[in-house]
Amino acid sequence: MRETIKNFPSQFSYAPEVIRGEKLGTYAHAVVAGMGGSGLSARLLKAWKPELSLSIHQDYNLPIISNEYNGKTLIIASSYSGNTEEVIDVFTKAIEKQIPVAVIATGGALVELAEKYQTPLILLPRTGIQPRSARGYSFMALLKMLGKNDECTEAANLAQVLDAMRFEEQGRMLASWLSEAVPIIYSSRRNHAIAYNWKISFNETGKIPAFCNSLPELNHNEMAGFDARQLVGRFRFVLLRDSEDNERIQKRMEALESLYQKRGLQVQRLDIQGSSRLLRIFSTLTIADWAAYHTAQRYGFDPENIPIVEEFKKLI
């Protein structure tokens, strides 16, 4: 896992090719069907380019498509392994309903279905890393499938400008601060995909409970729950502060920090930094990866594998 984090920026040098790309039409809307790590890239793309008409489906069955986009929607079935049953279900139902569908995967049943029905397909590199660690590959593949060639070029620059090792010590210190604690990650709504990725990293890599929420909504409900001081001793709060956020959101975050500290809650601010929106997103995620990795090391867990997920799959 350490080498995977260290080498993560190289994923953006990946230049995906669309097999049967000539079958891709022009669509007004796209839906990414992807679970777990395979759905993270779509969330991050929306955080980077919120103007895109793109939605995310994380369930069985077909997504609900509004009349506005009826006949104008592409479903992208994304599964790193190619064997995610929810995504396979979406693919087969799209074929049945004759809804345009494309596939992003490394192999598995989903690639076999793409070959059977001759749908557009991007084959991700088979590197053996976990899906959550392959979000760079998935991000590039999704951009390519959507026909965003200029954005592909911009994202590819991260292979040169994103320095993963620069953030390891910061992640290590954060893991130390979070020792014996449960992290709660807060961000603006605009950056919720970043906070959610932090949560996933702590869950899957760090093997600890973690939660996230966003402002301003949490100011209307969640924060009221932390007056129960006898229950909240294990929680520690990481505030992802962004100077590009709305000024009112920044003021709310400062006020929230003050209120929590007055109640004896431990809070740490982390400034989102970088010369571009895309670099800010992935630099912040790299800090989370290191923090989660060193959390796993601290507790003696394997940061790579997720045995409880494999056990669960056997039960169903």
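Look up: the structure comes first, before these words.
Residues numbered from 1 in each chain as written. Predicted model: local features only at pLDDT ≥ 70, side-chain atom pairs only at ≥ 80, totals over all residues. Heavy atoms only, no water.

## Considerations on the overall build of the protein
Per the secondary structure count, the protein includes 12 helices and nine strands. For the protein, the C-alpha radius of gyration of 20 Å lies close to 20 Å, the compact-globule estimate for 316 residues. Seen through its principal axes, the protein has C-alpha atoms that stretch 60 × 45 × 40 Å. Sorting the 316 residues of the protein into buried and exposed places 52% on the buried side. Long-range contacts, defined here as pairs at least 24 residues apart, represent 77% of the contacts in the protein between residues at least 6 apart. Counting every atom, the protein has about 15000 Å² of accessible surface; 48% of that belongs to carbon and sulfur. Mean positive and mean negative side-chain charge positions of the protein (37 and 35 charges, respectively) differ by 3 Å. (Helix = DSSP H or I, 4+ residues; strand = E, 2+ residues; numbered from the N terminus. Rg over C-alpha atoms; globule rule 2.2 N^0.38 Å. Buried < 20%, exposed > 50% of the residue type's maximum accessible area, 1.4 Å probe, protein only. Contact = heavy atoms within 4.5 Å. Areas by Shrake-Rupley, 256 points an atom, 1.4 Å probe, with all protein chains shown as cover. Lys, Arg positive; Asp, Glu negative; His and termini not counted. Charge placed at Lys NZ, Arg CZ, Asp CG, Glu CD.)

## Thoughts on the packing of aromatic side chains
Inspection of the entire model under this criterion finds 17 aromatic pairs. Between the aromatic rings of Trp-290 and Tyr-293, the centroid separation amounts to 6.1 Å while the plane-to-plane angle is 80 degrees, which identifies the pairing as edge-to-face. In this pair, Trp-290 and Tyr-293 are both assigned in helix H11 (residues 277-299), three residues apart and thus about one turn of the helix distant. Accessibility expressed as a relative area gives 11% for Tyr-293, which makes it buried. Through successive ring pairs, a cluster of aromatic residues spans Phe-8, Phe-12, Trp-48, Phe-139 and Phe-282. The lysine or arginine in question, Lys-49, covers the ring of Trp-48, its NZ or CZ lying 4.8 Å from the ring centre. (Phe/Tyr/Trp six-rings, centres within 6.5 Å; stacked < 30°, edge-to-face > 60°. Lys NZ or Arg CZ within 6 Å of the ring centre and 35° of its normal.)

## Here's the deal with the sheet that holds strand S5 (residues 121-123)
Sheet architecture is open: five strands sit in the order S2-S1-S3-S4-S5, paired in parallel fashion. The open sheet terminates on both sides in strands that have one partner only, identified here as strand S2 (54-57) and S5. Across the sheet, the mean angle separating the axes of adjacent strands is 20 degrees when strand polarity is ignored. Each of strand S3 (73-79), strand S4 (101-105) and S5 is contacted by helix H4 (residues 108-117), which is oriented at about 140 degrees to S5, the strand it contacts most. Seen against the sheet, helix H5 (residues 135-145) touches strand S1 (29-33), S3, S4 and S5 and runs at an angle of roughly 160 degrees to S4. (Pairing = 2+ DSSP bridges. Axes fitted to C-alpha atoms, helices over the stretch in contact; angles between N-to-C directions.)

## Observations regarding the side chain of Gln-11
Among the structural elements, Gln-11 can be located in the loop between helix H1 (2-6) and S1. Once you skip the residues sitting within four places of it in the chain, Gln-11 turns out to touch Ile-129, Ser-133, Ala-134, Arg-135, Gly-136, Tyr-137 and Met-140.

## A word on helix H3 (residues 85-96)
At 3.6 residues per turn, the α-helix brings residues three or four places apart onto the same side. For H3, built from 12 residues, the straight-helix expectation of 16 Å at 1.5 Å per residue is met to within 8% by its first-to-last C-alpha distance of 16 Å. Restricting attention to buried positions, one finds in H3 the residues Glu-86, Val-87, Ile-88, Asp-89, Val-90, Phe-91 and Ala-94. Considering only its buried residues, H3 is in contact with S1, S2, S3, S4 and H4. (Expected span 1.5 Å × (residues − 1).)

## Some points on the pattern of salt bridges
Scanning the entire structure with this criterion turns up 18 salt bridges. In this structure, Arg-135 engages Asp-289 in a salt bridge whose closest nitrogen and oxygen atoms are separated by 2.5 Å. Separated by 154 residues along the polypeptide, Arg-135 in helix H5 and Asp-289 in helix H11 bring together distant segments of the chain. The burial state of Arg-135 is the same as that of Asp-289; both residues are buried. For Glu-244, the salt bridge identified is with Arg-280, shortest N-O distance 3.6 Å. One end of the pair, Glu-244, is in the loop between strand S8 (235-241) and helix H10 (247-262); the other, Arg-280, is in helix H11, and 36 residues separate them in sequence. (Salt bridge = Lys/Arg side-chain N within 4 Å of Asp/Glu carboxyl O.)

By themselves, these observations are geometric and do not establish any function.
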